[in-house]
Amino acid sequence: MKEDRPIRTGHNTFMAEPTIAQPQLLSSASPEMRRSIVSGMRWTFWLSALSVPFSFGTSIILARVAPEVIGTFGLLQIYIAAVSVFFFIGGNAVLIKFIPELDAGGRVSFFLSYFAVNCVALIPWLVAATLWPGGLRYLFGEGHTGPFWIVLLYLSPIYIIYSASLAALKGMLQLKWAQALDRIVTIGSFVIYVLLFVAARQVLVKHYTVVIWGAYLGLVLVVAYSAMLRFLRLNPEFSWSRFHFLLPAGFWRYTLSLQGGSILSFFSGRLDYLLLLYFGGLIMLGKYVALMGLLLPISKVVTFFLDSLLPSLTNTLSRQDFKSSEELAEICVRIVVPASLIMAGLLVFFAHPIVLLLGPKYFGLEQMLWIAAPFAVVQGVGYVTGNILSAVGRPDCDAISRALRIALFLILFFPLWRAYGLLGVVITWGICEVFYHGVNLCFVVAKAPFRYHYLRTYWPSILVLVGLPILATRFTGWLPLPILFCIFLILIFVYLLLARYSIREIRALSHFILPDSRSFPALRSRKA
């Protein structure tokens, strides 16, 4: 078949234009669409995998300096979430949805028009912060209301253009470029922190606020410039003389619906940070951020595939290709669930040495890690249903789920916080993640225009999620670590059997991760 012949690309042969070797997956999509989707998934996976050690290392380095330093890094996460929700109307999903529906001449006009809308909407927030700087304490905590924090809000368009330009590349299925540029921020931040930690630790100790914010905003500006250049090169038909204000049909309905969900998403996803900062202080927030940082590999494994799932779904849905959309969702969940279970197991069984990396100020976090890791798996898999609802144009359903999650969090937080302290916050967060994912799952089954296959993948995972903390609490310190690890491998093997993974399916799924051997010129010539 013509489709099975290697495709010459000249550059980036590693994963650039893969050959589809498994026709039973994405069989209804066009060859060009399949090549773009599979290539994007591969690049997303490997570039994300490359960034995991750097993200993990950043959390460890900042935590070793002091809890207030990692707490400031948590403030940065709150800032990013606040800008992406309140100042970036609609968020990345707007560009990822509408870019595939526009021709080459309209993409740049829409991008610039959308950015202008966001800049205009930002003005009232900046005026309010300037006239009432004391209100910033509700976002950044007590003592963070001076000119420095007001300037940060004035610099928020830097983050908006950075996020929007990467989203535009994803909407054009330029996932390789979007992921590669995005990783510059993660790797660059790690390099800066390591150099200061080794060569000038006192600078990091005394001026950590300026270092953390300066490094992030500087790297984001570089990435935004590079992404915009790439986006303009991909749309050579655009000329500034032909620019016109363009917002596609259905823009406001979709964007405002998504914005409502985004606001709820901010409080849903960062309510634990805000309440801990207010009731526990910066040091307590730092310990919680350190714990969440240890769970980062689980969420990273999930985002390996989710960063390619949403733009791939919007492209197949825009072509009314519901069969490919159904297969994409199933492929994603069949990869994500076992991968996140494996990462959770590694974190649970190696919790003690991992916590030792943080330093003596964090002793005792390993018990919380045993409890939090299974909930982190649920949180990660829950991102899949949220992305599906955004792709099918039903962000209102996700907004309802998040509103219910916020209500449940507020009900549980205060009694559990008073009774168990930081452990109570972890338990509250975990219960709310399970609840949120369950509600969203019901919406996807009811509202998606394609069938979402989840049951055979989900139910056996309960055995592993319940078994991990039991093994850790009952047998850690009693059984040798190799024996515990063997028990965990048996759990994973039993999961794969119960979830009905076959050797053929595993080989087919690996096609979306492993590089195609025919992409290597040396291997091609050897086969010939």
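You'll find the structure just up there.
These numbers were taken from a predicted model, which means no experiment stands behind them.

Caption draft 1: Examining the overall build of the chain more closely. Scanning the chain from terminus to terminus reveals 22 helices and zero strands. Within the chain, the proportion of its 528 residues that are buried is 56%. Residue pairs at least 24 apart in sequence account for 81% of intrachain contacts in the chain once pairs closer than 6 positions are excluded. In the structure as shown, the chain presents an accessible area of about 22300 Å², 68% of it carried by carbon and sulfur atoms.

Caption draft 2: How the structure looks around the packing of helix 6 (residues 147–154) against helix 10 (residues 208–233). Packing of helix 6 against helix 10 brings their axes to within 13 Å, and their N-to-C directions diverge by 10°. Between helix 6 and helix 10, the interaxial angle falls into the category roughly parallel. Here F148, W149 and L152 of helix 6 come into contact with helix 10, specifically with T209, W213 and L217. For the contact of helix 6 with helix 10, the per-class residue count stands at five nonpolar, one polar and no charged.

Caption draft 3: Region of the structure containing the pattern of salt bridges. Under the defined criterion, the tally for this structure stands at seven salt bridges. Of the charged contacts in the structure, one is a salt bridge between E101 and K97, with a shortest N-O distance of 3.7 Å. Here K97 falls in the buried class, since its relative accessible area comes to 19%. One salt bridge connects R456 with E505, and the closest N-O pair in it is separated by 3.9 Å. One end of the pair, R456, is in helix 18 (residues 455–458); the other, E505, is in helix 21 (residues 503–510), and 49 residues separate them in sequence. Residue classification places E505 among the buried positions, given a relative accessible area of 16%.

Caption draft 4: Layout of unusual backbone geometry. Backbone geometry at R500 places phi at a positive 60°, although glycine is not the residue there. When you line up the elements, R500 lands in the loop between helix 20 (481–498) and helix 21.

Caption draft 5: Structural detail: the packing of helix 7 (residues 156–171) against helix 10. For the pair helix 7 and helix 10, the least separation of the axes is 8 Å and the interaxial angle reads 40°. Relative to helix 10, the element helix 7 lies oblique. Every pair of crossing elements has a handedness; the one defined by helix 7 and helix 10 is left-handed. Residues I158, Y159, I161, Y162, S165, L166, A168 and L169 of helix 7 pack against Y216, L217, V220, L221, V223, A224, A227, M228, R230 and F231 of helix 10.

Caption draft 6: Spatial organisation of helix 7. The end-to-end C-alpha separation of helix 7 is 23 Å, in line with the 22 Å expected for 16 residues at 1.5 Å each. Along helix 7, 15 of the 16 residues are buried, which leaves the element largely enclosed by surrounding structure. Following helix 7 by one or two positions, L173 adopts a phi angle in the positive range, close to 60°.

Caption draft 7: Quick peek at the packing of aromatic side chains. Throughout the structure, instances matching the rule amount to 26 aromatic pairs. Pairing F110 with F251 gives two aromatic rings, centres 6.1 Å apart and planes at 80°, and the pair type is edge-to-face. On the criterion of sequence distance, the pair formed by F110 in helix 4 (residues 104–131) and F251 in helix 11 (residues 251–294) is long-range, its members being 141 residues apart. Since its relative accessible area comes to 1%, F251 is described here as buried.

Caption draft 8: Examining a nonpolar patch on the surface more closely. Where nonpolar side chains cluster on the molecular surface, the patch consists of L455, W459, I462, L463, V466, I470, I490, F493, V494, L497 and L498 and spans about 1000 Å² of accessible area. When contributions to the nonpolar patch are tallied by element, the ones reaching two or more residues are helix 19 (461–475) and helix 20. In terms of residues, the nonpolar patch owes the most to one element, helix 20, which gives five residues. In this structure, L455 sits in helix 18.

Cut-offs applied
- Each chain carries its own residue numbering, running from 1 in the written order of its sequence.
- In keeping with the predicted nature of the model, local features appear solely for residues at pLDDT of at least 70, side-chain atom pairs appear and are counted solely at 80 or more, and the whole-chain, interface and lining totals rest on all residues.
- Side-chain measures were taken over the full set of non-hydrogen atoms in the model, leaving aside hydrogen atoms and water.
- Here a helix means four or more residues in a row that DSSP labels H or I, a strand means two or more in a row labelled E, and each is numbered from the N terminus.
- Summary of the burial criterion: residues with accessible area below 20% of their type's maximum are buried, those above 50% are exposed, and those between are partly exposed, where the area comes from a 1.4 Å probe applied to protein chains only.
- Any two residues having at least one pair of non-hydrogen atoms within 4.5 Å are treated as being in contact.
- Here the Shrake-Rupley method, with its probe set to 1.4 Å, supplies the accessible areas, and only the displayed protein chains count as covering residues.
- To obtain an axis, a line is fitted to C-alpha atoms, over the contacting stretch when the element is a helix, and the angle between two such axes runs from 0 to 180 degrees between their N-to-C directions.
- Geometric relationships in this document are graded by angle, where less than 35 degrees denotes roughly parallel, more than 145 denotes roughly antiparallel, 65 to 115 denotes roughly perpendicular, and other angles denote oblique.
- Note on residue classes: Ala, Val, Leu, Ile, Met, Phe, Trp, Tyr, Cys and Pro are nonpolar, Asp, Glu, Lys and Arg are charged, and everything else, Gly too, is polar.
- Salt bridge, as applied in this entry: a Lys or Arg side-chain nitrogen positioned within 4 Å of an Asp or Glu carboxyl oxygen.
- For any pair of crossing helices, the crossing counts as left-handed if the nearer helix is rotated counterclockwise from the farther one by less than a right angle, and right-handed if it is rotated clockwise.
- Multiplying 1.5 Å by the helix residue count minus one yields the expected span of that helix.
- For this analysis, a ring pair means two rings from Phe, Tyr or Trp (six-membered ring only for Trp) whose centres lie within 6.5 Å, classed as stacked if their planes differ by under 30 degrees, edge-to-face if by over 60, and tilted for the remaining angles.
- Patch rule: a residue counts if its relative accessible area is over 30% and it has no salt bridge; like charges are joined within 9 Å, and nonpolar side chains (Val, Leu, Ile, Met, Phe, Trp, Tyr) within 5 Å.

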